[in-house]
Amino acid sequence: MDTPLIRIRDLCKAYTRGDQSIPVLAGITFDIAAGEFLALIGPSGSGKSTLLNLIAGIDTADSGQILVGDTDIVTLSEGELADWRSGHVGFIFQFYNLIPVLTALENVELPLLLTSLTRHERREHAAHALDAVGLSDRLDHRPNQLSGGQQQRVAIARAIVADPDIIVADEPTGDLDRVSAQDILHLMDRLNTELGKTIIMVTHDQRAADAAHRVRSLDKGVLHVSD
Amino acid sequence: MPVPLSYSYRNLLTRRMTTVLTAGGMSLVVFVFAATLMLAEGLRQTLVSTGLPTNAVILRKGSESEVQSGIERSQASVMTTRPEIAVAPDGTAMAAREVVVLIGLPRASTGKISNAVIRGTDLKSLALRPQVRMARGREPRRGSTEVMVGKNVAKGFTGTQIGDRLRFGKREWEVVGVFDAGNTGFSSEIWADGDQVMRSFGRDAYSIVVAGLRDYGAYEAFRAGIEGDPRLTAETFRETRYYEKQSEMMAKFLRVLGVSLTIIFSLGAMIGAMITMYSAVANRVPEIGTMRALGFGRSSILAAFLAESVFLSLLGGAMGLGAAAVLNFFTFSTTNFQTFSELAFKFALTGDIILLSLGFSVFMGVLGGLPPALRASRLKIVEALREA
Ligand SMILES: Nc1ncnc2c1ncn2[C@@H]1O[C@H](COP(=O)(O)OP(=O)(O)OP(=O)(O)O)[C@@H](O)[C@H]1O
Ligand SMILES: [Mg+2]
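Owing to the predicted nature of the structure, the values given are computational and were not obtained by experimental measurement. (Residues numbered from 1 in each chain as written. Chains lettered and ligands numbered in written order. Predicted model: local features only at pLDDT ≥ 70, side-chain atom pairs only at ≥ 80, totals over all residues. Heavy atoms only, no water.)

**Notes on the packing of aromatic side chains**
Two measures describe an aromatic ring pair: the distance that separates the ring centres and the angle between the ring planes. Residue and element names in this part refer to chain B. We count it as follows: Any Phe, Tyr or Trp ring, taking Trp's six-membered ring, that has another such ring centre within 6.5 Å forms a pair; planes under 30 degrees apart are called stacked, those over 60 apart edge-to-face, and the others tilted. Helix and strand labels come from DSSP, where a helix needs a run of H or I of at least four residues and a strand needs a run of E of at least two; each type is numbered from the N terminus. Burial status follows relative accessibility: with a 1.4 Å probe on protein chains alone, a residue under 20% of its type maximum counts as buried, one over 50% as exposed, and anything between as partly exposed. Remark: a charge is flagged as sitting over a ring if the NZ atom of Lys or the CZ atom of Arg is within 6 Å of the ring centre and within 35 degrees of the ring normal.
The tally for this structure, following the rule as stated, stands at ten aromatic pairs over all chains. Measuring from centroid to centroid gives 6.1 Å for Tyr-9 and Phe-311, while their planes differ by 75°, and the two rings are edge-to-face. Highlighted residues: Tyr-9 in helix 1 (residues 5-14) and Phe-311 in helix 10 (residues 298-326), separated in sequence by 302 residues. With a centroid separation of 4.9 Å and 70° between ring planes, the pair formed by Tyr-242 and Tyr-243 is classed as edge-to-face. Relative accessible area serves as the criterion here: at 3%, Tyr-243 is assigned to the buried category. Here the aromatic cluster, defined as three or more aromatic residues joined through ring pairs, consists of Phe-179, Phe-186, Trp-191, Phe-237, Tyr-242 and Tyr-243. Of note, Arg-107 hangs over the ring of Phe-157, and the distance from its end group to the ring centre comes to 5.8 Å.

**Some details on the environment of B:Leu47**
Summarising the element assignment, B:Leu47 is placed in helix 2 (residues 16-48). Here the alpha-carbon distance between B:Leu47 and B:Gly185, two residues 138 residues apart in the chain, equals 5.8 Å.

**With respect to the site of ligand 1**
Cut-off, in case you're wondering: Summary of the distance rule: residues count as near a molecule or strand when at least one heavy atom falls within 4 Å of that molecule or strand. Polar contacts, as used here, are pairs of N or O atoms within 3.5 Å; protein pairs need one atom able to donate a hydrogen and one able to accept it. Residues neighboring in sequence count only if both atoms are side-chain atoms. The accessible surface values rely on the Shrake-Rupley method and a 1.4 Å probe; as for residues, cover is taken only from the protein chains in view. Under the scheme applied here, ten amino acids are nonpolar (Ala, Val, Leu, Ile, Met, Phe, Trp, Tyr, Cys and Pro), four are charged (Asp, Glu, Lys and Arg), and all others, including Gly, are polar.
Close contacts around ligand 1 come from 13 residues, with A:Ser44, A:Gly45, A:Lys48, A:Ser49 and A:Thr50 the closest. Nearby residues place ligand 1 at the junction of chains A and B. In this structure, A:Ser49 approaches ligand 1 through a side-chain N or O atom, which is 2.7 Å from an oxygen atom. Coverage of ligand 1 by the protein chains reaches 69% of its 630 Å² of free accessible surface. Listing elements by their share of the shell around ligand 1, those giving two or more residues are strand 1 (4-17) and helix 1 (48-56) of chain A. When residues of the shell around ligand 1 are assigned to their parent elements, the largest contribution, three residues, is made by helix 1 of chain A. For the shell around ligand 1, the residue count by class is three nonpolar, seven polar and three charged.

**Description of the packing of helix 1 of chain B against helix 10 of chain B**
All names here are of chain B. Inclusion rule: Here an axis means a line fitted to C-alpha atoms, over the contact stretch when the element is a helix, while the angle between two N-to-C directions is reported on a 0 to 180 degree scale. By the definition adopted for this analysis, an angle is roughly parallel if under 35 degrees, roughly antiparallel if over 145, roughly perpendicular if from 65 to 115, and oblique otherwise. Left-handed describes a crossing in which the near helix is turned anticlockwise from the far one by less than a right angle; the clockwise case is right-handed. Contacts between residues were defined by any pair of non-hydrogen atoms, one from each residue, lying within 4.5 Å.
Viewed as axis vectors pointing N to C, helix 1 and helix 10 meet at an angle of 50°, and their least axial separation amounts to 9 Å. Compared by their axis directions, helix 1 and helix 10 come out oblique. Crossing hand, helix 1 versus helix 10: right-handed. Side by side, helix 1 and helix 10 meet where Leu-5, Tyr-7, Ser-8, Tyr-9, Asn-11 and Leu-12 of the first sit next to Ala-304, Phe-305, Ala-307, Glu-308, Phe-311 and Leu-312 of the second. In the contact of helix 1 with helix 10, the residues fall into nine nonpolar, two polar and one charged.

**Concerning the interface of chain A and chain B**
Going by this rule: Once two parts are brought into contact, the accessible area they lose, counted with a 1.4 Å probe and summed over both, makes up the buried area. Whenever a carboxyl oxygen of Asp or Glu lies within 4 Å of a side-chain nitrogen of Lys or Arg, that contact is scored as a salt bridge.
Each side of the interface is counted separately: chain A has 25 residues, and chain B has 23 residues. Summed over both sides, the interface between chain A and chain B buries roughly 2,100 Å², with carbon and sulfur atoms accounting for 66% of that surface. The largest contributions to the chain A side of the interface with chain B come from A:Val101, A:Leu113 and A:Leu114, which together make up 25% of the buried area. One salt bridge in this structure joins A:Glu78 and B:Arg298, with 2.6 Å as the shortest N-O distance. On inspection of chain A and its partner chain B, the count reaches six residue pairs in polar contact (both at pLDDT 80 or more). Among the elements that make up the side of chain A that touches chain B, the one with the highest residue count is helix 2 (residues 78-88) of chain A (four residues). Class assignment for the residues of the side of chain A that touches chain B results in 14 nonpolar, four polar and seven charged.

**Quick word on helix 4 (residues 119-132) of chain A**
All names here are of chain A. Basically, it comes down to this: A helix is expected to span 1.5 Å for every residue after the first. The arc in question is the one spanned by the directions pointing from the helix axis to the C-beta atoms.
An ideal rise of 1.5 Å per residue puts 20 Å on 14 residues; helix 4 measures up with 20 Å between its terminal C-alpha atoms. Buried within helix 4 we find Arg-122, Ala-126, Ala-129 and Leu-130. One side of helix 4 holds all its buried residues, which, seen down the axis, span an arc of 100°. Exposed residues on helix 4 whose side chains face more than 90 degrees from its buried face are His-120 and His-128. If you follow the buried residues of helix 4, they end up packed against helix 3 (104-109) and helix 5 (148-160).

**Things to note about the domain arrangement of chain B**
Let me state the cut-off plainly: The domain limits used here are those given by an automatic or database domain assignment.
Taken domain by domain, chain B comprises domain 1 (5-48 + 246-386) and domain 2 (62-232). Inter-centroid distance (C-alpha atoms) of domain 1 of chain B to domain 2 of chain B is 46 Å.

**What about the sheet that holds strand 1 of chain A?**
Residues and elements named next belong to chain A. The cut-off we apply is this: DSSP-based pairing: two strands are paired if at least 2 bridges between them are found.
The four strands lie next to each other as 2-1-4-5, forming an open sheet whose pairing is antiparallel. Looking at the sheet topology across the chains shown, the edges are occupied by strand 2 (20-33) and strand 5 (71-72). Pairing between strand 1 and strand 2: eleven bridges, direction antiparallel. The residue of strand 2 that forms the bridge with Leu-11 is Ile-28.

**Things to note about the pairing of strand 8 (residues 189-193) of chain B**
Residue and element names in this part refer to chain B. Across the five residues that make up strand 8, a large majority, five, are buried. Summarising the sheet, strand 3 (residues 113-121) and strand 8 pair through five bridges and their orientation is parallel. Bridged to Arg-119 within strand 8 is Trp-191.

**Quick word on the pattern of salt bridges**
Under the definition given, this model contains 37 salt bridges over all chains. Measuring nitrogen to oxygen at the nearest pair gives 2.4 Å for the salt bridge that ties A:Asp163 to A:Lys197. One end of the pair, A:Asp163, is in the loop between helix 5 and strand 7 (166-170); the other, A:Lys197, is in the loop between helix 6 (178-193) and strand 8 (198-202), and 34 residues separate them in sequence. We classify A:Asp163 as exposed; its relative accessible area is 56%. Of the residues examined, A:Lys197 reaches a relative accessible area of 4% and is grouped as buried. By sharing partners, the salt bridges in this structure join B:Glu66, B:Glu98, B:Arg119, B:Arg129, B:Glu189 and B:Glu239 into a single network.

**As for the nonpolar core**
The nonpolar side chains of soluble globular proteins are, as a tendency, buried together. Rule in force here: Definition of nonpolar core: a set of buried residues of the types Ala, Val, Leu, Ile, Met, Phe, Trp, Tyr and Cys, connected through side-chain atoms within 4.5 Å.
The biggest cluster of nonpolar side chains holds 81 residues, and the ones touching the most others in it are B:Ile58, B:Met79, B:Val147, B:Ile190, B:Phe222 and B:Met364. When residues of this core are assigned to their parent elements, the largest contribution, twelve residues, is made by helix 2 of chain B. Of the domains in this structure, domain 1 (5-48 + 246-386) and domain 2 (62-232) of chain B are the two that each give at least three residues to this core. Look past the residues within four positions of B:Met79 in its chain and what remains in contact with it is B:Ile58, B:Ile71, B:Ile85, B:Val209, B:Phe222, B:Ile226, B:Leu232 and B:Ala234. Judged by nonpolar contacts, the second largest core, of 37 residues, contains A:Ala126, A:Leu130, A:Ala155 and A:Ile199.

**What about the side chain of B:Arg284?**
Tracing the backbone through its elements, the reader meets B:Arg284 in the loop between helix 8 (239-283) and helix 9 (285-294). With near-sequence residues (within four places) excluded, B:Arg284 lies in contact with B:Tyr7, B:Asn11, B:Arg15, B:Phe305 and B:Glu308.

**Side note on unusual backbone geometry**
Residues and elements named next belong to chain A. A positive phi angle is found at Asp-163, which is not glycine, with a value near 55°. The phi dihedral of Glu-171 is positive, around 50°, even though this residue is not glycine. Relative to the assigned elements, Glu-171 resides in the loop between strand 7 and helix 6.

Right under this line is the structure:
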C-alpha cells in the first residue's frame, strides 16, 4: 500500500435541530492513499456529502483530525483553509456550478486568479486544460450554450487547472445521461491514472462506483470497507 | 486577486431590465442633484462675469446692495479723484457715479409685476462696462428721458420694445435701444441718464461709485485710501467679488434646497438598489458558494457585489448627468433675492459638478449595495452549495 495522503482520525460531526443533537459522522477513521480513486457510497442521508465536504475543507468538523500530508486541516482558520483549498483541491459538482456570465475559458481561468500567474499564463493554462477535456473548440461559449456533459467537462478542466493533488466530486454523474456519464467517468479515470490525481467521489450510481478503484460505504455515520 | 470586474458588470448586463429600471431611479436623483448645483453655479457665473476685475465698486459702509447704498455728492467727488483711478482718453477720471432704483414692470409671460433694476448712468458708465454692447437701436442721449433696456428685459417684460414708453418716477421714458451684456446681470437692467433718474425719484445721493483702476494691482491702495479716509463711510469691493457676493445667498439657498431634496430622494433610490442587489445575491447563492470553495475569500465576494452595485449606480449617475447636461441649453429666470430684481441665467455644468454627481452616485451605490454584499460574503460555503 502507498503512503497515505489523507489520514482521517475519529472524525465527528453532528447537527443540532432544536435542542437535539443529531450525529452524522460518529468517529470516522480511515486512510486515503496518494493516487487512490475512491468511491463513497451509501444510503441517502448517511453523511457522504458531509464527509466529502470535510475532507475538501469547506465544512468544519466537531472533533477529530484530517491530516493531509503534515497539515491537520481541521485546525486551520477560515482564511488558511481557503488558501489551502485553492492549492490542493479541485471540485466537481453534480450541477457543474459554472459561473453563467463567464465563458468556458474564463470559468476555467477562475482558480488561477488566486495564483501569481500572469494573465497570459493563466489563459494558456486554462486553454490547455480545456484542450485536455476535449473542448478546445468551445473556449468562448457560455455555460448555457453547452450541453450538460460539456459543462461537466469544463468543470473538470476547472478542477485540474491549478494542478491540485486532490479532486473531490459529489455525484459528478448525477445529472447526466448514460453516455455523458460514461464520458465523464472515463475522463476522471484518466485524471487518476495519467495525472496521478487522488480522487474522492460520492455517488449513488453503481456504474460510477465500478469505475473507482476502491469503494467505501457509509451507513448511519459509520464507514465500511466494501472491497 | 479579486473576482474579476467582468463578473460584476456582466451580471448587470444579463438582467438588463432590472438594471435599467434601478439605474433609472438613481438617475432621477442624480439629475435633481446635478441640476440644482448647475443652477447655483450658473447664477454665480452670471453674477461674477457681470463685473470686471480691474473695476472697484464703492458702496456706503454696511449696505448689502446697490439699492440700499447711498453716497453723497461731496463724498463721491472725493472718491473719483483718487490717483489709483485710470485716466480716460479725454483726460478725465475713469469713474462713474450711478444711482440704482427698482421699479415694477409686468412680465411678458404672466402679466404679473416683477422688479426691474433702473441704473442711472454717468458719462463713463459704458466705458467701464466693455461687456455692454448695443444690440438694436441707439444709446439714450445724455440729459434726456430716453432709456435703453437689457436684452433680458426686452424679452421678459411687456412694453419694453424700441419706441415703447415706460412710466416710472412720475415721468415717461422712451425706449430707444436694446443692449446685450451677454450672460451678465446687466442684461436684466434698464439704463437711463443718472441725473434724470435722480431728479425723477427725488434722490439727492448716488448709490455707488464705480472706478476703473490703472491696473489690477492698484486695487489694494485704492481700497486702503477710500476706507481709511475719515471723511468717507464707504466700503470698496472688486467688481467681480461684489457681484459674486450678491449670488452667494441665492446660490447657497439653491444648494441647500437641492442637496436636502436629493438626500431624501436618494433614500428611495438606495432602497431600490438594495432590493435589486438582494435579489441578485439570492439568485446567485450557489455561484457564491462555488467561488468560495475555489478559494475566493469573503472579502473578494463582498468586493464583487459592491462593485456590481457601484457599476449600477454609476450607470444611473451617467444617465442623470446626461439628462442634466441638456439643461445647459436652457436659460432660467428668477428673482435675485439680494436685490429683489429679475435675473436671467443659465444652468452651468462644470467639472466639479460632474465629479460631485458621480461621487454622489458611488456613495448611493456603496450604501445601497453594502447590506446585500455583506449578506453574500457571510454565506456558509456548504449551505450555499446545497442550494444548487
Ligand atoms: N445544515 C444541516 N442542518 C441539519 N442537518 C443537516 C444539515 N446538513 C446535512 N444534514 C443532515 O446530515 C445528514 C447527512 O447529510 P449528507 O448531505 O451528508 O447526506 P448524503 O449521504 O450526502 O445524502 P445524499 O445521498 O442524499 O446526498 C442528513 O441526515 C442530513 O439531513
Ligand atoms: Mg450528498
